[in-house]
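The chain contents come next:
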Amino acid sequence: MSIFVLLFLLTTVTLISVNSGALALSFHTLWNSSFDDMEWQVWLDIRLPRVLLAILVGGALAISGAIMQGLFRNSLADPGLLGISSGAALMVAIVIILPFSFSPIFAFYSHIVAAFIGGLIVAMIIFSLHQLSDGNLARLLLAGIAINALCMSFIGVLSYISTDQQLRQFSLWMMGSLSQIDWKTLSIATLVIIPVSTLACWQSHKLNLLQLGDEEAHYLGLNVRKTKFILLLLSATLIGCAVALSGVIGFIGLVVPHLIRMRIGSNHIWLLPATILGGSTLLLAADTLSRTLVSPAEIPVGLITGLIGGPYFLWLILRQPAGRMS
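Keep in mind that this is a model prediction, so the values were computed, not measured.

Calculation rules
- Residue indices begin from 1 for each chain and proceed along its sequence in written order.
- Confidence filtering applies because this is a predicted model: local features only for residues at pLDDT of at least 70, side-chain atom pairs given and counted only at 80 or more, and all residues used for totals across whole chains, interfaces and linings.
- Only heavy atoms go into the side-chain values, all of them from the structure, while hydrogens and water stay out.
- Secondary structure is summarised from DSSP: a helix means a run of H or I of at least four residues, a strand means a run of E of at least two, and numbering begins at the N terminus for each.
- A 1.4 Å probe rolled over the protein chains alone gives each residue an accessible area, and that area as a share of the maximum for its type sets the label: buried under 20%, exposed over 50%, partly exposed in between.
- We call two residues in contact whenever any of their non-hydrogen atoms come within 4.5 Å of each other.
- Helix axes are fitted to C-alpha atoms over the stretch in contact, other axes to C-alpha atoms as well, and angles between N-to-C directions run from 0 to 180 degrees.
- Relative orientations are named as follows: roughly parallel for angles under 35 degrees, roughly antiparallel for angles over 145 degrees, roughly perpendicular for angles from 65 to 115 degrees, and oblique for any other angle.
- Two helices crossing with the near one rotated counterclockwise from the far one by less than a right angle form a left-handed crossing, whereas a clockwise rotation gives a right-handed crossing.
- Amino acids outside the nonpolar list (Ala, Val, Leu, Ile, Met, Phe, Trp, Tyr, Cys, Pro) and the charged list (Asp, Glu, Lys, Arg) are all regarded as polar, and Gly is one of them.
- Computed over the protein atoms alone on a 1 Å grid, cavities are sets of points where a 1.4 Å probe fits but cannot get out and pockets are open sets with protein on both sides within 12 Å along at least five of seven lines; a residue lines them when it has an atom within 4 Å of a point.
- Grid points are joined across faces, edges and corners, and a volume is the space filled by probe spheres set on the points.
- To define a nonpolar core, start from buried Ala, Val, Leu, Ile, Met, Phe, Trp, Tyr and Cys residues and group those joined through side-chain atoms within 4.5 Å.
- Take a side-chain nitrogen of Lys or Arg and a carboxyl oxygen of Asp or Glu: if they are within 4 Å of each other, that pair is a salt bridge.
- UniProt positions are given in the numbering used here, feature names are shortened, and annotations may be inferred rather than shown by experiment.

## Observations regarding the overall build of the chain
Then comes step 1: The number of helices and strands found in the chain is 14 helices and 0 strands.
Then comes step 2: Secondary structure elements of the chain occur, N-terminal to C-terminal, as α-α-α-α-α-α-α-α-α-α-α-α-α-α.
Then comes step 3: Residues counted as buried form 48% of the 326 residues belonging to the chain.
Then comes step 4: Taking the intrachain contacts of the chain between residues at least 6 apart in sequence as the baseline, contacts between residues at least 24 apart amount to 78%.

## What to know about the packing of helix α8 (residues 183-202) against helix α13 (residues 268-290)
Then comes step 1: Running from N to C, α8 and α13 cross one another at 150°; their axes reach a closest spacing of 8 Å. As far as their axial angle goes, α13 and α8 are roughly antiparallel. For the pair α8 and α13, the crossing hand works out as right-handed. Across the interface between the two elements, Ser197, Ala200 and Cys201 of α8 pack against Leu272, Pro273 and Ile276 of α13.
Then comes step 2: Of the residues belonging to the contact of α8 with α13, the class tally is 5 nonpolar, 1 polar and no charged.

## Describing the layout of surface pockets
Then comes step 1: Empty space within the largest pocket amounts to approximately 630 Å³.
Then comes step 2: If you trace the largest pocket, you find 24 residues lining it, with His111, Trp173, Gln180, Ala244 and Leu245 closest to the centre.
Then comes step 3: Of all the secondary-structure elements, those providing two or more residues to the lining of the largest pocket are α5 (104-132), α7 (164-175), α8 and α11 (224-246).
Then comes step 4: Partitioned by chemical class, the residues of the lining of the largest pocket number 12 nonpolar, 9 polar and 3 charged.
Then comes step 5: Each pocket or cavity is described by its volume, and for the second largest pocket that value is around 380 Å³.
Then comes step 6: Forming the walls of the second largest pocket are 22 residues, and the residues nearest its centre are Gly80, Ser85, Val248, Ile249 and Gly250.

## Notes on the nonpolar core
Then comes step 1: If you look at the biggest cluster of nonpolar residues, it comprises 79 residues, and the most contacted ones within it are Leu53, Leu82 and Leu210.
Then comes step 2: It is helix α3 (residues 38-72) that contributes the most residues to this core, 14 residues altogether.
Then comes step 3: For Leu53, the residues in contact, after removing those within four places along its chain, are Leu178, Ile181, Leu186, Ala189 and Leu245.
Then comes step 4: Formed by 6 residues, the second largest nonpolar core is a distinct cluster that contains Leu76, Val255, Tyr312 and Phe313.

## A closer look at the pattern of salt bridges
Then comes step 1: Scanning all chains against the criterion turns up 5 salt bridges.
Then comes step 2: The residue Arg73 makes a salt bridge to Asp214 at a minimum N-O spacing of 3.6 Å. Linking Arg73 in the loop between α3 and α4 (84-97) with Asp214 in helix α10 (residues 214-219), this pair joins segments that are 141 residues apart in sequence.
Then comes step 3: Since its relative accessible area comes to 29%, Asp214 is described here as partly exposed.

## Some remarks on unusual backbone geometry
Working note: non-glycine residues mostly have negative phi, and peptide bonds are mostly trans.
Then comes step 1: Positioned with a positive phi, Phe251 is a non-glycine residue whose angle comes to about 75°.
Then comes step 2: Looking at the secondary structure, you find Phe251 in the loop between α11 and α12 (252-264).
Then comes step 3: Of the residues examined, Phe251 reaches a relative accessible area of 23% and is grouped as partly exposed.

## Details of the UniProt feature "transmembrane region" (unreviewed entry) in the chain
Then comes step 1: If you check UniProt for "transmembrane region" (unreviewed entry), the listed places come out as residues 48-68, 80-102, 108-129, 141-161, 181-202, 229-256, 268-286 and 298-318 in our numbering.
Then comes step 2: The distance from the first to the last C-alpha atom of residues 48-68 is 31 Å, and the span holds 100% helix and 0% strand.
Then comes step 3: With 100% helix and 0% strand, residues 268-286 has end C-alpha atoms that lie 26 Å from one another.

## Structural notes on empty space enclosed by the protein
Then comes step 1: Under the counting rule described, the total for this entry stands at 1 cavity of 30 Å³ or more.
Then comes step 2: Estimates place the volume of the largest cavity at around 30 Å³.
Then comes step 3: Contributing to the lining of the largest cavity are Gly250, Phe251, Ile252, Val255, Leu282, Thr305, Ile308 and Gly309.
Then comes step 4: Elements that contribute at least two residues to the lining of the largest cavity include exactly α12 and α14 (301-318).
Then comes step 5: With 3 residues, the single largest contributor to the lining of the largest cavity is α14.

Have a look at this one:
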């Protein structure tokens, strides 16, 4: 599956998505309408920003997963499974539920900053555990399960002390949704996700060297510790921003990089850009289904990706020999 095929798929899904929803819109309808008509207002203010956000968030989640899999040299590594998403969610829960007072300027960015901090803290913990356990994946996954459980326990405590309005707001956010979007929020996502994803792609040759092992990469002139820290920081930034903007959307970072790697190989120079396109396509397709299957109501997109990713992850585990899991 080449990058051109993925680009064609993304373009096709985008054209379908912008014309799908509770209000059926087509380019013919828009062409015969004026900018003041309701159709144009819905398309410009609701439909188009949501489609673009799905593309950005899907790409961010997918490339974050590809970085984590390359960093730990195993296709089962994933920001959600390792607890990074839960850490980001915990910090957002703290901001939503606890009575903090923010300035009007910072209040708009508080979710993004909180999610980034939470994701970065957990990422650093996971990175430290990875160093101490000599790269043992079984221990790493168990540590991720423990961190997930710990974060979810704290989230449960915060949910228990929250008001009904706060609980509803946070519960809907935890299911994952792209509905709360406007052009201002989209501009923030663009200013964060596109530059960070570009920086990650520039690190692709270093990520290739890390696949040879830390010692071999060091002999080839790579500063292994600095490179790993930079990659971890980029991944935490992407997952933190994605979680802040859309809530917890699972399995994109696991399923997409693994599928792309099976098709085009493990050369990250091609893998990372292809993963961005694949993640954008998958999340956009899932979001289109979430708002059309039970129209005019919506299914949280996180539930759709979970229904896709859960069986795939189970199949991925069962098809591997027990010895490879460690």
